[in-house]
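# Commentary on secondary and tertiary structure
Residue-level listing of the chains:
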Amino acid sequence: MNILPAIDLLGGCAVRLQKGDYNKVTVYSREPAEVARGFSQKGAKFLHIVDLDGAKSGKTDNYETVRKITESTDLSVEIGGGIRDMDTVKKYVDAGVDRIILGTAALTDPEFLKEAVNTYKDKIAVGVDIKDGMVAIKGWTEVSEMRCKDFCEFLQSIGVKTVICTDISKDGMMSGTNLELYRELNRDFSINIIASGGVSTLDDIKALKEIGVYGAILGKALYTGAIDLSEAVKITED
């Protein structure tokens, strides 16, 4: 299993939102590239970035910050947040990003999703944010009428290889992750499942590793010191 420490970008800073609420922001660093280098020094090989500005605006508001991260680290970087057209996908690929995460647009514009997958293959992943079993979109501000499992079935059918699955109710709450959800998804689908939201202890990581998911995203638990990144990476390598 892979550990993906997370950096959420807002106004060029590394921040965390509570349950996706833009009014509940904690700023952790004004130098996200330094945070990324710190992750690398602790053994991380991957980095998960969310452009929170982009999620609302549909623009690459934090592009220069992302480019600085890819140029100054050896981390395999994935990014999501407001990526809604092929020009933006290409812009991030050209900047050295290894995996582009489509969120809202994957649900609302399936033709764009198919074009992106056909063009960039494994470089395209989809973020499936879940609230009460349904897919949430637009920075978690709206809940669609699409069931999570129906959406995953569609994604698998068109060749999507990786899905980042977030249980919104768990995100940033330090209350543990939704193991049953990830167990079911990993059992029912052949796509790579990355667990996100509520991973708050080393025991959570051990449990996810036992389930067999492809990866786990670590956010608030890293910034508060609840999880030591070096220890988390060691668990996945043992």
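A brief structural summary. (Residues numbered from 1 in each chain as written. Predicted model: local features only at pLDDT ≥ 70, side-chain atom pairs only at ≥ 80, totals over all residues. Heavy atoms only, no water.)

Moving on to the packing of helix α1 (residues 32-41) against helix α3 (residues 63-72). Contact geometry for α1 and α3: axes closest at 9 Å, N-to-C directions at 30°. When the axes of α1 and α3 are compared, the pair comes out roughly parallel. With respect to the hand of their crossing, α1 and α3 are arranged in right-handed fashion. Within the contact between the two elements, α1 uses Pro-32, Ala-33, Ala-36 and Arg-37 and α3 uses Thr-65, Lys-68, Ile-69 and Ser-72. (Axes fitted to C-alpha atoms, helices over the stretch in contact; angles between N-to-C directions. Helix = DSSP H or I, 4+ residues; strand = E, 2+ residues; numbered from the N terminus. Parallel < 35°, antiparallel > 145°, perpendicular 65-115°, else oblique. Left-handed = near helix turned anticlockwise from the far one by under 90°. Contact = heavy atoms within 4.5 Å.)

Helical geometry: 3.6 residues make up each α-helical turn, so side chains three or four residues apart lie on a common side. Here helix α11 (residues 229-237) has its buried residues at Leu-229, Ala-232, Val-233, Ile-235 and Thr-236. End-on view of α11: buried residues confined to an arc of 155°, all on one side of the axis. The inward-facing, buried residues of α11 abut β1 (2-10), α1, α9 (202-211), β12 (215-218) and α10 (220-224). With a side-chain oxygen lying 3.1 Å from the backbone nitrogen of Ser-230, the N-terminal cap of α11 falls on Asp-228. (Buried < 20%, exposed > 50% of the residue type's maximum accessible area, 1.4 Å probe, protein only. Arc of directions from axis to C-beta. Polar contact = N/O pair within 3.5 Å; in protein donor to acceptor, adjacent residues only side chain to side chain.)

Another aspect to go through is the pairing of strand β8 (residues 134-137). Inspection of the sheet shows strand β7 (residues 124-131) paired to β8 by 3 bridges, in the antiparallel sense. In the sheet register, Lys-131 faces β8, and the bridge partner there is Met-134. Where β7 folds back onto β8 in an antiparallel hairpin, the turn is made up of 2 residues, including Asp-132, whose phi is positive at roughly 55°. Bridging between β8 and strand β9 (residues 142-147) involves 3 bridges; their strand directions are antiparallel. Looking at β9, one finds that Ala-136 is bridged to Val-143. (Pairing = 2+ DSSP bridges.)

Attention now goes to the packing of aromatic side chains. Scanning the entire structure with this criterion turns up 4 aromatic pairs. Pairing Phe-39 with Tyr-223 gives two aromatic rings, centres 6.2 Å apart and planes at 75°, and the pair type is edge-to-face. Here Phe-39, found in helix α1, pairs with Tyr-223, found in helix α10; they are 184 residues apart in sequence, far enough to count as distant. Relative accessible area serves as the criterion here: at 9%, Phe-39 is assigned to the buried category. A centroid spacing of 6.4 Å and a plane angle of 15° characterise the contact between Phe-151 and Phe-154, whose relative ring orientation is stacked. You can see Phe-151 and its partner Phe-154 sitting in helix α7 (residues 148-157), 3 residues apart, about one turn around the helix. On the basis of relative accessibility, which here comes to 1%, the residue Phe-151 falls in the buried class. Aromatic rings pair up to connect Tyr-28, Phe-39 and Tyr-223 into one cluster. Positioned over the ring face of Tyr-22 is Lys-56, at 4.3 Å from the centre of the ring. Of note, Lys-91 hangs over the ring of Tyr-63, and the distance from its end group to the ring centre comes to 4.5 Å. (Phe/Tyr/Trp six-rings, centres within 6.5 Å; stacked < 30°, edge-to-face > 60°. Lys NZ or Arg CZ within 6 Å of the ring centre and 35° of its normal.)

Checked against the element boundaries, Asp-51 lands in strand β4 (residues 46-51). At 9.3 Å, Lys-91 is the nearest oppositely charged side chain to Asp-51, a buried residue that forms no salt bridge. The residues touching Asp-51, leaving out its near neighbours within four places in the chain, are Leu-9, Lys-59, Thr-60, Asp-61, Asn-62, Gly-80, Gly-81 and Tyr-92. (Lys, Arg positive; Asp, Glu negative; His and termini not counted. Salt bridge = Lys/Arg side-chain N within 4 Å of Asp/Glu carboxyl O.)

Now for the environment of Ile-168. Mapping Ile-168 onto the fold places it in the loop between β10 (162-167) and α8 (179-188). Residue Ile-168 is classed as buried on the basis of its relative accessible area of 7%. The sequence separation of Ile-168 and Ser-196 amounts to 28 residues, and the corresponding C-alpha distance is 8.9 Å.

What follows is about the packing of α9 against α11. Interhelical geometry of α9 versus α11 gives an angle of 25° and a closest axis separation of 10 Å. It follows that α9 is roughly parallel to α11 by the angle criterion. At the point where α9 passes α11, the crossing takes the right-handed sense. Residue-level contacts link Leu-202, Ile-205, Lys-206 and Lys-209 of α9 to Glu-231, Ala-232, Ile-235 and Thr-236 of α11. Partitioned by chemical class, the residues of the contact of α9 with α11 number 4 nonpolar, 1 polar and 3 charged. (Nonpolar A, V, L, I, M, F, W, Y, C, P; charged D, E, K, R; others polar.)

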